[in-house]
Amino acid sequence: MPEMATNQLTRQLLRRLPQRIVQLLRELGRSADEKGIGLYLVGGVVRDLLLNRRNWDVDLTVEGDGISFARQVTNRYGAGLALFERFSTARLVFPDGLKVDIASTRRESYADPAALPDVMTGSVEEDLFRRDFTINAMAIQLNLAHWGALRDPFGGREDLKDKTLRVLHGRSFVDDPTRIFRAIRFAERFGFRIEPDTARLLARASRTNLVARLSGPRLANEIFALMKEEHPDAAIRRLRRLRLLRFLHPRISPGIQTERLLAVLPQTIGAWERRWAELSLDRPLLWVMALLAHTSAPVIAGTIQRLQLSATESRALEWAGEKTSRIAKILSSDAFLRPSQIYRLLSRLPNEAVALVLAKGLVSSSKAVGIARLKRRLTRFLECDRLTTTTISGDTLKEFGLRPGPHFKKILDRLLDERLDGRITAAAEERDRARTLAKQYS
Ligand code: CTP
């Protein structure tokens, strides 16, 4: 398409952004004109405008000193400013909450593969050249005289049309191994094919040990980003085919059981979110738990350590394996179970672990009646028993002359069990029962 027509098109696309953003971009374009510097919208938002996908992450890059431009804008608008000088980037937060990231165009030299890059200023083309894929290496100029001009030196627009993911040069994955995961993420998200040379480079980079050099948090970030996408199961299949799961732990190799579990996870999550929307579910974490569901405790512990997961994430992940399989089996069985027994099985589980119990039950129970039993029991627990409490507390036990100690918990647990099982229904009844139990322990 001739340049004029392309620019006409991108100008139209810019209008798809919310009015507030368009207006701000125009004002920033004018400020850049006043300073005589180039200003560009870059990265994912440009790609998504061309794809007609919603994305309001405003990433700007300044041909020159982004930080001093950001400072100026901050003063003019009374916006908040966070500086990341090591990367010559700044984040502006406007009074209405709108966030804008401003960087300086730069070229990079990677001191060491997998390390964070050293930064030097450069032209906008050089800035685009350091990026991961052609579809992410486009910029739209915002200076008013060139408003809407598309800079696309590597054919990103053509690749978007051909649904193709392509790196800009042969060292891309070596320069930044997180791109190995980003390639999978974008290919899956957009349904793009990975261009053959890029696929070869990807396979080669995956065979080397580059990923092992990523820090725990950086690797975790990429894994969770994949799990946040719409079809994490497809991404996991690619991770397996490329033998990338070994970087989480050398002994993860999902078999048919795990495949089946991953296959029922979308329906499990869907059902959970329809019925128990108020019980938050960390979906990406649940996917990672399912991925590890048929591994041993040491493999789970090793993965937690490798990814340096937070305490909450680790606590959930510890339920991924055998423990939830056993609970799913018991809850699907035809054994008689009192509500209190079910409560004791489930009460310490984070929501993701309860959801995993449901998914495991769906896969492993061969009979519909087992699945129905499991669903009934989980529903009762989540909607009712989970919220049950005793009316008396430790203080009441003290009133009865009992000295605090481990037996307090025993008595309170016992009272809760009797409530759950319907043996105690009224507060007065519970008090009497507590008095009797207190006597036994005094
Ligand atoms: N980028 C890159 N290499 C990376 C990470 C980022 O080249 N390892 C560049 C790409 O140009 C990318 C931009 O930085 O478009 C912004 O990165 P990020 O916000 O992570 O990605 P998006 O493309 O915006 O993707 P998403 O839609 O998932 O946020």
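Worth saying up front: this structure is predicted, and the values here are computed from it rather than measured.

### Observations regarding the layout of surface pockets
Part 1 of the reasoning: By volume, the second largest pocket is sized at about 220 Å³.
Part 2 of the reasoning: What lines the second largest pocket is Gln257, Arg260, Leu261, His294, Glu322, Ser325, Arg326, Ala328, Lys329, Lys360, Val363 and Ser364.
Part 3 of the reasoning: Of all the secondary-structure elements, those providing two or more residues to the lining of the second largest pocket are helix 12 (256-275), helix 16 (322-332) and helix 18 (351-364).
Part 4 of the reasoning: At 5 residues, helix 16 tops the list of elements feeding residues into the lining of the second largest pocket.
Part 5 of the reasoning: Taken together, the residues of the lining of the second largest pocket break down into 3 nonpolar, 4 polar and 5 charged.

### Topic: the site of the ligand
Part 1 of the reasoning: The full set close to the ligand counts 13 residues, and Arg47, Asp132, Asp176, Arg185 and Arg189 are the nearest of them.
Part 2 of the reasoning: Asp132 places a main-chain nitrogen or oxygen 2.7 Å from an oxygen atom of the ligand.
Part 3 of the reasoning: In the environment of the ligand, a nitrogen atom lies 3.3 Å from a nitrogen or oxygen atom belonging to the side chain of Thr178.
Part 4 of the reasoning: Expressed as a share of its isolated accessible area of 570 Å², the protein-covered part of the ligand is 73%.
Part 5 of the reasoning: Counting only elements with at least two residues in the shell around the ligand, the list comes to helix 3 (44-51) and helix 8 (178-190).
Part 6 of the reasoning: For the shell around the ligand, the element with the highest residue contribution is helix 8, accounting for 6 residues.
Part 7 of the reasoning: Residue classes in the shell around the ligand are distributed as 1 nonpolar, 4 polar and 8 charged.
Part 8 of the reasoning: For the shell around the ligand, the two domains that each supply at least three residues are domain 1 (3-162) and domain 2 (172-247).

### Thoughts on the sheet that holds strand 5 (residues 99-104)
Part 1 of the reasoning: A sheet is described by the order of its strands in space; here 7 strands give the open sequence 3-4-5-2-1-8-9, paired in mixed fashion. On the outer flanks of this sheet lie strand 3 (80-84) and strand 9 (150-151), each paired with one strand and no other.
Part 2 of the reasoning: Taken together, the 4 bridges between strand 1 (residues 38-42) and strand 2 (residues 58-63) define a ladder with antiparallel strand orientation. Residue pairing in the sheet places Tyr40 in a bridge with Thr61 of strand 2.
Part 3 of the reasoning: The sheet strands contacting helix 3 are strand 1, strand 2, strand 8 (139-141) and strand 9, and the helix crosses strand 1 at an angle near 60°.

### With respect to the packing of helix 8 against helix 10 (residues 216-228)
Part 1 of the reasoning: Interaxial distance between helix 8 and helix 10 falls to 10 Å at its minimum, and their mutual angle equals 5°. The angle between the axes of helix 8 and helix 10 places the two elements in the roughly parallel class. Mapping the contact onto sequence places Thr178, Phe181, Arg182, Ile184 and Arg185 in helix 8 and Arg218, Leu219, Glu222, Ile223, Ala225 and Leu226 in helix 10.
Part 2 of the reasoning: Looking at side-chain class alone, the contact of helix 8 with helix 10 contains 6 nonpolar, 1 polar and 4 charged residues.

### Some details on the side chain of Asp421
Part 1 of the reasoning: With respect to the element layout, Asp421 can be found in the loop between helix 21 (406-420) and helix 22 (427-441).
Part 2 of the reasoning: Of the polar contacts made by the side chain of Asp421, one reaches the side chain of Arg338; its length is 3.5 Å.
Part 3 of the reasoning: Non-local contacts of Asp421, meaning those with residues more than four positions away in its chain, are made with Arg338, Pro339 and Ser340.

### Quick word on the pairing of strand 2
Part 1 of the reasoning: By the bridge criterion, 5 bridges tie strand 2 to strand 5 in an arrangement that is parallel. The residue of strand 5 that forms the bridge with Leu60 is Ile102.

### Things to note about the pairing of strand 4 (residues 89-93)
Part 1 of the reasoning: By the bridge criterion, 5 bridges tie strand 3 to strand 4 in an arrangement that is antiparallel. Pairing of Ala82 across the sheet is with Arg91, part of strand 4.
Part 2 of the reasoning: Taking the residues that link successive antiparallel strands as the turn, the strand 3-strand 4 hairpin has 4 residues, and the phi of Ser88 there is positive, at about 50°.
Part 3 of the reasoning: With 5 bridges joining them, strand 4 and strand 5 adopt antiparallel strand pairing. Considered in strand 5, the bridge of Thr89 is made with Ala103.

### Describing the packing of aromatic side chains
Part 1 of the reasoning: Tallied over the entire structure, the rule returns 8 aromatic pairs.
Part 2 of the reasoning: Between Phe133 and Phe186 the ring centres are 6.1 Å apart and the planes differ by 80°, which places this aromatic pair in the edge-to-face class. Of this pair, Phe133 sits in the loop between helix 5 (124-129) and strand 8 while Phe186 is found in helix 8, placing the two residues 53 residues apart along the sequence.
Part 3 of the reasoning: Since its relative accessible area comes to 0%, Phe133 is described here as buried.
Part 4 of the reasoning: Since its relative accessible area comes to 3%, Phe186 is described here as buried.
Part 5 of the reasoning: Measuring from ring centre to ring centre gives 5.3 Å for Phe190 and Phe192, while their planes differ by 45°; the resulting arrangement is tilted. No difference in accessibility class separates Phe190 from Phe192, as the two residues are buried.

### Let's talk about empty space enclosed by the protein
Part 1 of the reasoning: By the definition in use, this model includes 1 cavity of 30 Å³ or more.
Part 2 of the reasoning: Of the voids in this model, the largest cavity is the one considered here, and its volume is about 30 Å³.
Part 3 of the reasoning: Looking at the largest cavity, the residues that line it are Ile236, Arg237, Arg240, Pro254, Glu259 and Leu262.
Part 4 of the reasoning: Broken down by secondary-structure element, the contributors of at least two residues to the lining of the largest cavity are helix 11 (232-241) and helix 12.
Part 5 of the reasoning: Here the lining of the largest cavity gets 3 residues from one element, more than from any other, and that element is helix 11.
Part 6 of the reasoning: For the lining of the largest cavity, the class distribution of residues is 3 nonpolar, no polar and 3 charged.

### A look at the domain arrangement of the protein chain
Part 1 of the reasoning: One can read the domain layout of the protein chain as domain 1 (3-162), domain 2 (172-247), domain 3 (256-386) and domain 4 (394-441).
Part 2 of the reasoning: Between the C-alpha centres of domain 3 and domain 4 the distance comes to 31 Å.
Part 3 of the reasoning: In this complex, domain 3 contributes 7 residues to the contact, which on the side of domain 4 involves 5 residues.
Part 4 of the reasoning: Summing the contributions of domain 3 and of domain 4, the shared interface buries around 540 Å²; its carbon and sulfur component is 50%.
Part 5 of the reasoning: In terms of surface lost to domain 4, no three residues of domain 3 exceed Ser340, Tyr343 and Arg344, which account for 67% of the buried area on that side.
Part 6 of the reasoning: Counting across the domain 3 and domain 4 interface gives 3 salt bridges.
Part 7 of the reasoning: In this structure, Asp417 and Arg344 form a salt bridge, with 2.8 Å as the shortest nitrogen-oxygen distance.
Part 8 of the reasoning: Counting every contact that joins domain 3 to domain 4 gives 5 residue pairs in polar contact (both at pLDDT 80 or more).
Part 9 of the reasoning: For the side of domain 3 that touches domain 4, the element with the highest residue contribution is helix 17 (residues 339-346), accounting for 4 residues.
Part 10 of the reasoning: Across the side of domain 3 that touches domain 4, the residue classes break down as 2 nonpolar, 1 polar and 4 charged.

The rules behind each value
- Residues numbered from 1 in each chain as written.
- Predicted model: local features only at pLDDT ≥ 70, side-chain atom pairs only at ≥ 80, totals over all residues.
- Heavy atoms only, no water.
- 1 Å grid on protein atoms, 1.4 Å probe; cavity = no way out; pocket = protein on both sides within 12 Å on 5 of 7 lines; lining within 4 Å.
- Points joined across faces, edges and corners; volume = space filled by probe spheres on them.
- Helix = DSSP H or I, 4+ residues; strand = E, 2+ residues; numbered from the N terminus.
- Nonpolar A, V, L, I, M, F, W, Y, C, P; charged D, E, K, R; others polar.
- Near = heavy atom within 4 Å.
- Polar contact = N/O pair within 3.5 Å; in protein donor to acceptor, adjacent residues only side chain to side chain.
- Areas by Shrake-Rupley, 256 points an atom, 1.4 Å probe, with all protein chains shown as cover.
- Domains from an automatic or database assignment.
- Pairing = 2+ DSSP bridges.
- Contact = heavy atoms within 4.5 Å.
- Axes fitted to C-alpha atoms, helices over the stretch in contact; angles between N-to-C directions.
- Parallel < 35°, antiparallel > 145°, perpendicular 65-115°, else oblique.
- Phe/Tyr/Trp six-rings, centres within 6.5 Å; stacked < 30°, edge-to-face > 60°.
- Buried < 20%, exposed > 50% of the residue type's maximum accessible area, 1.4 Å probe, protein only.
- Buried area = accessible area lost by both parts, 1.4 Å probe.
- Salt bridge = Lys/Arg side-chain N within 4 Å of Asp/Glu carboxyl O.

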